[in-house]
Amino acid sequence: MGKHSKRTPGYLPRMAAGAAPLALLLAGPAAALADTPRGELPLDLHQHGSSSDLQFTRDETVTTRDLPASAASNLHQALAPDAAGQSQTHDLRLGEAGRAFTGNDLGAHHTQPFDGAHVAGLDQSMRHGVRLPQGVEALSSSKTGAESGLAGRFSGDLMSGSRVERTSADAVDLGPAGSVVANSDESVLGQFTGKLDVARLESTERHSVSGDLGPVHTLAATSQSTAERTERFHGELSAADIAAARASTASTVGVPVTRSQHVGAEVLGNPVIDNGWTVSGPPFTFSPG
């Protein structure tokens with residue numbers, strides 16, 4: 001089973017960031033080679049692994065020693081009958097002044113939510129960040145997932161579906177000066193029946209950006225959906241309690257097509273602009289308010 005040593009033969013060699021992780025995982029411990037000796041390099045290597053039947057796990061950590069900057073790298077690999085995955089993290093520290101880190105995860109899975117159904121999926125996520133003195137930070141993360149499945153028999157009714165999702169978040173913190181945050185998520189869902197003709201296809205997108213720069217706060221958000229056949233946008237700009245401005249739009253795709261917009265502004269808490277209108281067609285109509 002598992003062992004601990006600085007140079008342990010019998011396990012997979014260290015994997016480069018661009019290597020094909022699932023292909024190496026499926027190769028299993030039988031294809032492993034002994035680690036190459038590192039001589040007197042200022043690196044510490046720790047490995048741990050275990051395998052039994054069709055299950056396999058492996059962990060590896062590499063850290064520096066006796067260097068002005070410290071670095072650490074971690075790798076985790078796992079293989080099971082219905083799942084396989086790999087996770088990596090890298091961390092670089094420059095004393096107490098700053099830190100940079102990155103990581104990524106990749107996994108594949110197979111599930112049977114009920115009898116006669118098979119679902120296969122793939123997930124990937126990434127994260128990056130930099131932390132500097134004076135409370136300055138920059139962070140970014142994203143996740144992408146996809147699934148596809150079948151239920152039924154080819155001799156009878158057959159159902160199939162696919163799903164793709166993606167989320168991301170980015171943030172920059174400038175300490176006392178302000179911050180900016182952006183978020184977005186997207187998803188697509190398709191379902192097929194009978195002869196695999198497209199029965200339904202839905203997509204949804206949502207994005208938002210907000211920020212604080214001194215006394216000024218801003219916010220903008222938008223959403224789109226083919227399932228609801230609508231689009232929406234909302235924005236806001238304010239400078240503490242002195243003044244504020246807002247704008248929003250909404251549109252509906254159908255018969256008729258409509259689009260509404262509203263604009264408002266306040267100064268010292270008193271409304272100075274409060275207007276809105278709606279346009280639709282055919283036939284073309286314009287309605288204030």
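Residues numbered from 1 in each chain as written. Predicted model: local features only at pLDDT ≥ 70, side-chain atom pairs only at ≥ 80, totals over all residues. Heavy atoms only, no water.

Chemist: Break down the overall build of the chain for me, with residues and values.
Modeler: What the chain contains, in helices and strands, is 1 helix and 16 strands. Going through the 289 residues of the chain one by one, you find that 21% of them count as buried. Considering only contacts in the chain between residues 6 or more positions apart, those separated by 24 or more positions represent 34%. (Helix = DSSP H or I, 4+ residues; strand = E, 2+ residues; numbered from the N terminus. Buried < 20%, exposed > 50% of the residue type's maximum accessible area, 1.4 Å probe, protein only. Contact = heavy atoms within 4.5 Å.)

Chemist: Describe the pattern of salt bridges, naming the residues involved and giving the relevant values.
Modeler: Tallied over the entire structure, the rule returns 9 salt bridges. Close ionic contact of Arg58 with Glu60 constitutes a salt bridge, the shortest N to O distance being 2.6 Å. With respect to burial, Arg58 and Glu60 carry one shared label: buried. Among the salt bridges present, the one from Asp91 reaches Arg99, with a minimum N-O distance of 2.8 Å. (Salt bridge = Lys/Arg side-chain N within 4 Å of Asp/Glu carboxyl O.)

Chemist: Provide a residue-level description of the confidence of the model for the chain, including the pertinent values.
Modeler: For any part of a model where pLDDT is low, the fine detail of the predicted coordinates should not be relied upon. Across the chain, the average pLDDT comes to 75, with 71% of residues at or above 70. Note on residues 1–37: pLDDT is under 50 here. Beyond four places in sequence and across chains, it has 73 contacts. (pLDDT = per-residue confidence, 0-100.)

Chemist: Any details on the pairing of strand β16 (residues 285–288)? Residues and values, ideally.
Modeler: Examined bridge by bridge, strand β15 (residues 270–281) and β16 share 4 bridges and lie antiparallel to one another. Looking at the pairing, Ser280 lines up with Thr285 of β16. Here β15 hands over to β16 after 3 residues, the two strands then running antiparallel side by side. (Pairing = 2+ DSSP bridges.)

Chemist: Please set out a nonpolar patch on the surface residue by residue, giving values where relevant.
Modeler: Taken together, the side chains of Val172, Leu174, Val180, Val209 and Leu213 present a nonpolar region at the surface, about 380 Å² in accessible area. Secondary-structure elements contributing two or more residues to the nonpolar patch are β8 (158–174) and β10 (197–213). By relative accessible area, Val209 is classed as partly exposed at 43%. (Patch = residues over 30% accessible without salt bridge, like charges linked within 9 Å, V, L, I, M, F, W, Y side chains within 5 Å. Areas by Shrake-Rupley, 256 points an atom, 1.4 Å probe, with all protein chains shown as cover.)

Chemist: I'd like to hear about unusual backbone geometry, residue by residue, with values.
Modeler: Backbone geometry at Asp66 places phi at a positive 60 degrees, although glycine is not the residue there. With respect to the secondary-structure elements, Asp66 resides in the loop between β2 (55–64) and β3 (70–80). Here Asp66 falls in the exposed class, since its relative accessible area comes to 72%. The phi dihedral of Gln134 is positive, around 65 degrees, even though this residue is not glycine. Secondary-structure assignment places Gln134 in the loop between β6 (117–132) and β7 (136–152).

Chemist: Break down the side chain of Ser168 for me, with residues and values.
Modeler: Note that Ser168 resides in strand β8. Residue classification places Ser168 among the buried positions, given a relative accessible area of 15%. Only 2.8 Å separates the side chain of Ser168 from the side chain of Ser184, close enough to count as a polar contact. With residues up to four places along the chain from it excluded, the contact list for Ser168 reads Ser141, Ser142, Ala182, Asn183 and Ser184. (Polar contact = N/O pair within 3.5 Å; in protein donor to acceptor, adjacent residues only side chain to side chain.)

Chemist: Summarise the environment of Val119; cite the residues concerned and give the values.
Modeler: Topologically, Val119 is positioned in strand β6. Assessed through its relative accessible area of 17%, Val119 is described here as buried. When neighbours within four sequence positions are excluded, Val119 is seen to be in contact with His109, His110, Thr111, Pro113, Glu147, Ser148 and Gly149.

Chemist: Residues and numbers for the side chain of Gln86, please.
Modeler: Tracing the backbone through its elements, the reader meets Gln86 in strand β4 (residues 83–94). A distance of 3.1 Å separates the side chain of Gln86 from the side chain of Gln77, its partner in a polar contact.

Chemist: Describe the environment of Gln112, and please don't skip the residues or the numbers.
Modeler: Note that Gln112 resides in the loop between β5 (98–111) and β6. For the pair Gln112 and Gly149, spaced 37 residues apart in sequence, the C-alpha separation works out to 9.2 Å. Not counting the four nearest positions on each side in its chain, Gln112 is found in contact with Ala117 and His118.

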